[in-house]
Amino acid sequence: MAKILILGAGVMGSALSVPAADNSHTVTLVGTPLDGEPVRRMQAGEAHPKLDRPLPDNVTILADHELTPEHMASADLVIIGVSSPGIPWAIKRLNETLLTPKPVAFVTKGLDRKHGRIVTYAQTLPGQVANMAAFIGIGGPCIARELANRYPTTSVYACRDRQTADFAAALLQTPYYRLAVSDDVIGVEACAALKNFFAIGVSAMQTRYPDTTRADGQSKNPTAAAFTQAAGEMAILCERIGGRGDTAFDLAGIGDLHVTVGGGRNSRLGHGLGRNRTVSGMMAGELAGETVEGIDTARVLAELLSTVPSAKTDFPLACAIIAAVLDGGALDFDFSTLFA
């Protein structure tokens, strides 16, 4: 059996330890400096505060200061389970402790910048970590709590070297955690970030046109139209960033977009915008202290679309989301721009 080290004891990093442990691998889960309370609880045999049950017995829980180069040296695969604000910490800890080349998989979702271009972490992080033998991107629909509860889940593992993606997927795949592999790592990473951004706009349509005859109060036609528009815009943006457009119509794109619209921080922000709330009001209220990664993506996409003369006609939904997120107003998406 293999040894897997997961850096980051947030909800997704912790959840990934479940299929790894179920495959009888030796799993070490290491918390960040911000994971003190989850680490304390899990070391005491309790559940992670955001999961339903304790992790399997063959998962070793470590605090950040307990991580040593020896832990890294014995690992066959390293998984980074932090959100985008945690990437600088992860790079630092990898360079301090990863002293021999290893493949490193990332669940982090976000876009980056390189030489004035908008790119993905797959294009920037390998050059910042000395002993990253290969960058593997993990994308696709996967709610951490459902994975930890062993509900059927599908995801995609992507790497330029498909054999490396196959290697990582084989270590984690279980009867309930079903994994596709792809060599379009840029496309998977781009979609992983873009779906958070577009989920804001699609979710806003659920509350913009309330249907009081439904139990959830949400209208369906505007949501479906916005979802379809989001998929098309995501495919074009994916290609502009350097990936393949067809990736947007697979697990990392529409699959993950569907899950994200169904719930989570980006969806909650969208619901607020649909009710004519503002981003600043939401972030000062019910989303205070939360990382809403679609907001960071909006800032990066604004730079990218500022270079596209036809942005308002080619990307009407993206432009509407950017205007709401960055200019402080309500989300105003004009359906008459579709199929014009």
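An account of the accompanying structure is given in this report.

Definitions and cut-offs
- Residues numbered from 1 in each chain as written.
- Predicted model: local features only at pLDDT ≥ 70, side-chain atom pairs only at ≥ 80, totals over all residues.
- Heavy atoms only, no water.
- Helix = DSSP H or I, 4+ residues; strand = E, 2+ residues; numbered from the N terminus.
- Rg over C-alpha atoms; globule rule 2.2 N^0.38 Å.
- Buried < 20%, exposed > 50% of the residue type's maximum accessible area, 1.4 Å probe, protein only.
- Contact = heavy atoms within 4.5 Å.
- Areas by Shrake-Rupley, 256 points an atom, 1.4 Å probe, with all protein chains shown as cover.
- Lys, Arg positive; Asp, Glu negative; His and termini not counted.
- Charge placed at Lys NZ, Arg CZ, Asp CG, Glu CD.
- 1 Å grid on protein atoms, 1.4 Å probe; cavity = no way out; pocket = protein on both sides within 12 Å on 5 of 7 lines; lining within 4 Å.
- Points joined across faces, edges and corners; volume = space filled by probe spheres on them.
- Axes fitted to C-alpha atoms, helices over the stretch in contact; angles between N-to-C directions.
- Parallel < 35°, antiparallel > 145°, perpendicular 65-115°, else oblique.
- Left-handed = near helix turned anticlockwise from the far one by under 90°.
- Salt bridge = Lys/Arg side-chain N within 4 Å of Asp/Glu carboxyl O.
- Pairing = 2+ DSSP bridges.
- Right-handed = clockwise from strand over helix to strand, strands pointing away.
- Phe/Tyr/Trp six-rings, centres within 6.5 Å; stacked < 30°, edge-to-face > 60°.

What the protein chain contains, in helices and strands, is 15 helices and 10 strands. Its C-alpha atoms give the protein chain a radius of gyration of 20 Å, near enough to 20 Å, the size a compact globule of 340 residues would have. Each of the three principal axes of the protein chain carries a C-alpha extent, and together these read 60 × 45 × 35 Å. Within the protein chain, buried positions represent 57% of all 340 residues. In the protein chain, of all internal contacts separated by at least 6 residues, the share reaching a separation of at least 24 is 69%. For the protein chain, the exposed surface amounts to about 14,000 Å²; the carbon and sulfur share of it is 52%. Computed over 29 positive and 34 negative side-chain charges, the inter-centroid distance for the protein chain is 2 Å.

We now examine the layout of surface pockets. When its volume is computed, the largest pocket comes out at roughly 1,500 Å³. If you go around the largest pocket, you meet 47 residues; those closest to its centre are Val 11, Met 12, Lys 50, Ser 83 and Arg 265. Elements with a minimum of two residues in the lining of the largest pocket: helix H1 (11-22), strand E8 (132-139), helix H6 (144-148), helix H8 (185-208), helix H10 (251-261) and helix H11 (265-274). When residues in the lining of the largest pocket are grouped by element, the largest group, four residues, is from H1.

Next up on the list: the environment of Met 72. Mapping Met 72 onto the fold places it in helix H3 (residues 69-74). Met 72 sits in the buried class, given a relative accessible area of 1%. Separated by 142 residues in the primary sequence, Met 72 and Arg 214 place their C-alpha atoms 52 Å from one another. Not counting residues up to four positions away in its chain, the partners in contact with Met 72 are Leu 5, Leu 7, Leu 67, Val 78, Leu 94, Thr 97, Leu 98 and Lys 102.

This part is about the packing of helix H13 (residues 293-305) against helix H15 (residues 316-327). Two elements in contact, H13 and H15, have axes whose closest approach is 9 Å; the angle formed by their N-to-C orientations is 120°. Between H13 and H15, the angle falls in the class oblique. Of the two possible hands of crossing, H13 and H15 adopt the one that is left-handed. On H15, the residues touching Ile 295, Ala 298, Arg 299, Leu 301, Ala 302 and Leu 305 of H13 are Ala 318, Cys 319, Ile 322, Val 325 and Leu 326.

Enumeration according to the criterion identifies 15 salt bridges in this entry. Among the salt bridges present, the one from Glu 96 reaches Arg 93, with a minimum N-O distance of 2.6 Å. Within this pair, Glu 96 and its partner Arg 93 are both found in helix H4 (residues 87-97), separated by three residues, close to a single helical turn. By relative accessible area, Arg 93 is classed as buried at 10%. Linking Arg 113 and Glu 303 is a salt bridge whose minimum nitrogen-to-oxygen distance equals 2.7 Å.

Buried residues dominate strand E2 (residues 26-30), accounting for four of its five residues. Pairing analysis gives five bridges linking strand E1 (residues 3-7) to E2, with the strands arranged parallel. Paired with Leu 5 across the strands is Thr 28, a residue of E2. Taking the sense of rotation as the criterion, the β-α-β connection linking E1, H1 and E2 turns out right-handed. Examined bridge by bridge, E2 and strand E3 (residues 59-62) share four bridges and lie parallel to one another. Across the sheet, residue Val 30 finds its bridge partner in E3, namely Leu 62. Remark: the E2/helix H2 (residues 36-43)/E3 crossover connection has right-handed handedness.

The next subject is the packing of aromatic side chains. Tallying each qualifying case throughout the model produces five aromatic pairs. Taken together, a centroid distance of 4.9 Å and an interplanar angle of 65° make the contact between Phe 333 and Phe 335 edge-to-face. The rings of Tyr 209, Phe 333 and Phe 335 are connected pair by pair, giving a single aromatic cluster.

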